[in-house]
Amino acid sequence: MIEFNDLNVLAIMANMSGVCVIYWDWKYLKRAQRLSKISGWGLVLLALYVWCLRDGWEFGLTFWLITSACSAWFFSLCDSQSQRQQPSKTTDKTYRFQILSRARVGHSLATFLVVCVVSLIACCFFSLALFTLLPGDESNNLVFIAFLFPLLWALASYWVCATKRLRTPLFSLIFISAASSLLLFL
Amino acid sequence: MSVKPSAALVKSSLSSHSWLGLSVALLMYLVCLSGALVVFFEEFERWEQPNIPEYVDYSPELISRAVDNFSQRVDSLAQSIYVVLPTEAVPRIHVSDGENEWFVNQDGSLNESPVEGWTYFLKELHINLHLPKMLGLIFVGILGVMLCALIISGLVAHPRIFKDAFKLRFGANKAKEQADLHNRLSVWGTPFYFMIGLTGAFIGLVSIIIAVGAFALYENDHEAMIAAVYGGDPVITTEAAPLNFKATLQSLSQVAPTAQPIYLVVHNLKKTGQFIEVAATLPQRLIYSEMYRFSSDGSFINQQGLSDGKAGRQIAYSVYRLHFGHFGGFAVKIFYGLMGLALTVISVTGINIWLAKRKHRSYLNDVWVACVWGTPLALSGAASAALVGQSAPISFLIILLGSISCCVIAKNEHRARQMLLASLGFSLLAIVGCYTVIHGTSDQHPVAFMLNIILSILGFGLLLMTLSRRRKYRESLIPPEITSL
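This structure is a prediction, so every number in the text was calculated from the model and none was measured.

J.: Could you clarify how one ought to interpret a nonpolar patch on the surface in this entry?
T.: Residue and element names in this part refer to chain B. The grouping of F449, M450, I453, I454, I457 and L458 at the surface amounts to a nonpolar patch, some 570 Å² of accessible area in total. Mapped onto the secondary structure, I453 falls in helix α15 (residues 446-477). According to the relative accessible area criterion, I453 is partly exposed, its value standing at 36%.

In structure tokens, the structure reads:
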């Protein structure tokens, strides 16, 4: 349970002051001073150590991630150059009823299918094929591939959407699926 | 060696980021918003059913009476009966077999059943988007994958990540303001969002790996594959004997003195192979629980090894608490809620940037405003509807579709936003009004009282904000030479 005791306060202080030094370095020293950079990140890492010391590494790491993000947002907010709100300019733009071209719709559908179906099959088969090859404990390997599968799928989706020619990822993913299924089912 | 990505890579990553973001924006927004709220589902459940007896102290005799009463109440005994024990977050006992469920009074008698009201609707919205269970779970899991893909593409597409580390320009220009907000909220929260995305994808998609893996490697035996990770059930062949919960809890305190029981399961009640499982949390551990097994007389059999077994097993059983933020008390819940809201804002600002960069407006602008501000309105409308006994999902759908129709007809984003914000303010106050009429003002449940206060403040705040924005908008429309007079 989070209770405000000395270590707790120390962890938050180290986190805040670490991010503060990083912010100071960014704002006024234009990221030129190595000392400020090292001390800033050092304090942030110290906060991680204190969090883990206090709550164990599982809770500590999570608390550290949250407090680091919140500290950074706090300094971003402090830095925000508030100006008088301008009226929305959206009304200045012309209103158009947009119809997508057939080619664009076709390309979007094809991309969607490659991302959602071909990538899914390729990544799932590849992860399971990898499982059959991995040395070590069965339980650990199964959990490893259960995490690897979504991660690979995310990378494949990124690749498919980033490329201009859909053919390259499509054929590569089909090849991966075929090779993996050979290993799995034969 | 430079790690700076090439301009071509940045360009293609940005295109990938836009493509992925636009494809899943609305669903991502729904899942993020419902996820940020669902962190507090325990508080919402207590708010929704404030008349359930609450206590943290319980005796083994109470558990015994509750199980007896439950077995008498149901037509046929299920394979497992769950007795969920009180915690600080939910100081209520309920007993269930997965199909029937009742809260338990302090004397062991059964109280009313948990309602499938607004909180249930919210949980289902986050977990499976109200689609058929498994399909919805996989669908939401895919959104977890897309979140990871968005994070990866976003990081590669952001070469000024260090240069703009704290840059936040409010009010400068719509596109810049939205881009800064999007980048600052996302960059600093990246590790947390990545963890949420990956654990969400794991929870949603593990069934696919199990289905394909069992077919390919375990002769289609799903149980065998699951047992390989989590461990199997003990094989008990003895005849059923009277259950001794007192001895069970005493044995638990000897086996694991720091363990905090959260629920216990009676397997094969009054049948051959009857045994008791006690799920208990351990201090400073993210695992959902360790499962301790006892025979009917309370003697210790074994533990599942979720806390001290293989690393994979421990990791797999830690994803739930890590994803839902149910560890470390209420402060962690608040931070998880804030991080969830930040991710919701990131989803919204991503589309806002795209809309602001377009040279023209279209119905998409109006639909997006309606979805962004209509969803909280629909959620609050669903809460009021659930309070008066109406269907929360249907109310949600009607209000959301109504908001979209109104905004598309109005073709004025600013006015539509103001209208939806004001409606949301009124709707939040309406929830408090309905609640007060139904449950009264005197002797209100402390959690319900706090929630109603928060809802009232939010409601009034939104109404004041709408008025102030309206005035500012009107002032900004007056030419500068007139205002200077």
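J.: For this particular structure, what's the right way to read the sheet that holds strand β7 (residues 300-303) of chain B?
T.: By definition, the strands of a sheet pair up through backbone hydrogen bonds, in either a parallel or an antiparallel sense. Residues and elements named next belong to chain B. Strand order across the open sheet formed by seven strands is β3-β2-β1-β4-β5-β6-β7, with antiparallel pairing between neighbours. Edge strands, defined here as strands with exactly one partner in the open sheet, are β3 (101-103) and β7. In this sheet, adjacent strand axes meet at a mean angle of 20° when their direction is disregarded. Strand contacts of helix α3 (residues 60-73): β1 (80-84), β2 (94-96), β3 and β4 (260-267), with the helix running at about 135° to β1, the strand carrying the most contacts. Against the sheet, helix α8 (residues 245-255) contacts β4, β5 (275-281), β6 (290-295) and β7, and its axis sits at roughly 130° relative to β6.

J.: For this particular structure, what's the right way to read the interface of chain B and chain A?
T.: Counting from both sides, the interface comprises 87 residues of chain B and, opposite them, 71 residues of chain A. For the pair chain B and chain A, the summed buried surface comes to about 7,100 Å²; carbon and sulfur atoms form 72% of the total. Together, W19, F166 and R361 of chain B form the three largest contributors to the area buried by chain B at its contact with chain A, with a combined 11%. Where chain B meets chain A, there are two salt bridges.

J.: Looking at this structure, I do not really get unusual backbone geometry. What am I missing?
T.: Comment: phi is negative for the bulk of residues other than glycine, and the bulk of peptide bonds are trans. Residues and elements named next belong to chain B. A positive phi is found at E219, a non-glycine position, where the angle reads about 50°. Looking at the secondary structure, you find E219 in the loop between α6 (174-217) and α7 (222-230). By relative accessible area, which is 77% here, E219 ends up exposed.

J.: Honestly, the pairing of β7 of chain B in this entry has me stumped. Any pointers?
T.: Along a regular strand, successive side chains alternate from one face of the sheet to the other. Residues and elements named next belong to chain B. Relative to β7, β6 is paired through three bridges, and the arrangement is antiparallel. Pairing of R293 across the sheet is with N302, part of β7. The hairpin formed by β6 and β7 contains four residues between the paired strands, and G298 there has a positive phi angle of roughly 95°.

J.: Hey, could you run me through the confidence of the model for chain A in this one?
T.: Reading predicted coordinates in detail is not appropriate for stretches of low pLDDT. Per-residue confidence for chain A gives a mean pLDDT of 87; residues scoring 70 or more make up 89%. Looking over chain A, one finds the lowest element-wise mean pLDDT in helix α1 (residues 6-27) of chain A, namely 90, and the highest in helix α4 (residues 138-162) of chain A, namely 96.

J.: What is the right way to look at the environment of K176 of chain B in this model?
T.: Tracing the backbone through its elements, the reader meets K176 of chain B in helix α6. Classification of K176 of chain B by relative accessible area gives partly exposed; the value is 41%.

J.: Can you help me understand the packing of aromatic side chains in this one?
T.: The geometry of an aromatic ring pair comes down to the distance between the two centres and the angle between the two planes. Under the criterion given, the structure shown has 29 aromatic pairs over all chains. Plain terms: the ring middles of F59 of chain A and F327 of chain B are 4.9 Å apart, the flat faces sit at 50° to each other, and that makes the pair tilted. Taken together, the residues F59 of chain A in helix α2 (residues 34-79) and F327 of chain B in the loop between α10 (319-324) and α11 (330-357) connect one chain to another. For F327 of chain B, a relative accessible area of 5% puts it in the buried group. For the ring pair F185 of chain A and F215 of chain B, a centre distance of 6.0 Å and an interplane angle of 55° mean the geometry is tilted. Within this pair, whereas F185 of chain A is found in helix α5 (residues 167-185), its partner F215 of chain B is found in helix α6, the two belonging to separate chains. Exposure remark for F215 of chain B: the relative accessible area of 52% places this residue in the exposed category. By the ring-pair criterion, three or more aromatic residues cluster together here, those being W51, F59 and F63 of chain A together with F192, Y193, F327 and Y336 of chain B. Positioned above the aromatic ring of W102 of chain B is the side chain of R73 of chain B, whose terminal nitrogen or guanidinium carbon lies 4.8 Å from the ring centre.

J.: Help me understand the nonpolar core in this model?
T.: Most often, soluble globular proteins have nonpolar side chains that are buried together. Ranked by internal contacts, the top residues of the largest apolar core, which has 184 residues, are F166, Y336 and F396 of chain B. Among the elements that take part in this core, α6 of chain B stands out by supplying 17 residues, more than any other. Ignoring sequence-local partners within four residues, the contact set of Y336 of chain B consists of T62 and I66 of chain A together with V39, F192, M195, I196, R321, L322, H323, F324, G325 and F327 of chain B.

J.: Quick question: what am I supposed to make of the pattern of salt bridges here?
T.: It is possible for side chains bearing opposite charge to pair when their charged atoms get close. Residue and element names in this part refer to chain B. By the definition in use, this model includes 17 salt bridges over all chains. Residue R46 is joined to E54 by a salt bridge in which the shortest nitrogen-to-oxygen separation is 2.9 Å. The buried category is assigned to R46, whose relative accessible area is 10%. On the accessibility criterion, E54 (28% relative accessible area) is partly exposed. In this structure, R169 and D180 form a salt bridge, with 2.6 Å as the shortest nitrogen-oxygen distance. Here R169 is found in the loop between α5 (133-156) and α6, whereas its partner D180 is found in helix α6, with eleven residues between them in sequence.

Basis of the calculations
- Residues numbered from 1 in each chain as written.
- Chains lettered and ligands numbered in written order.
- Predicted model: local features only at pLDDT ≥ 70, side-chain atom pairs only at ≥ 80, totals over all residues.
- Heavy atoms only, no water.
- Patch = residues over 30% accessible without salt bridge, like charges linked within 9 Å, V, L, I, M, F, W, Y side chains within 5 Å.
- Areas by Shrake-Rupley, 256 points an atom, 1.4 Å probe, with all protein chains shown as cover.
- Salt bridge = Lys/Arg side-chain N within 4 Å of Asp/Glu carboxyl O.
- Helix = DSSP H or I, 4+ residues; strand = E, 2+ residues; numbered from the N terminus.
- Buried < 20%, exposed > 50% of the residue type's maximum accessible area, 1.4 Å probe, protein only.
- Pairing = 2+ DSSP bridges.
- Axes fitted to C-alpha atoms, helices over the stretch in contact; angles between N-to-C directions.
- Contact = heavy atoms within 4.5 Å.
- Buried area = accessible area lost by both parts, 1.4 Å probe.
- pLDDT = per-residue confidence, 0-100.
- Phe/Tyr/Trp six-rings, centres within 6.5 Å; stacked < 30°, edge-to-face > 60°.
- Lys NZ or Arg CZ within 6 Å of the ring centre and 35° of its normal.
- Core = buried A, V, L, I, M, F, W, Y, C linked by side-chain atoms within 4.5 Å.

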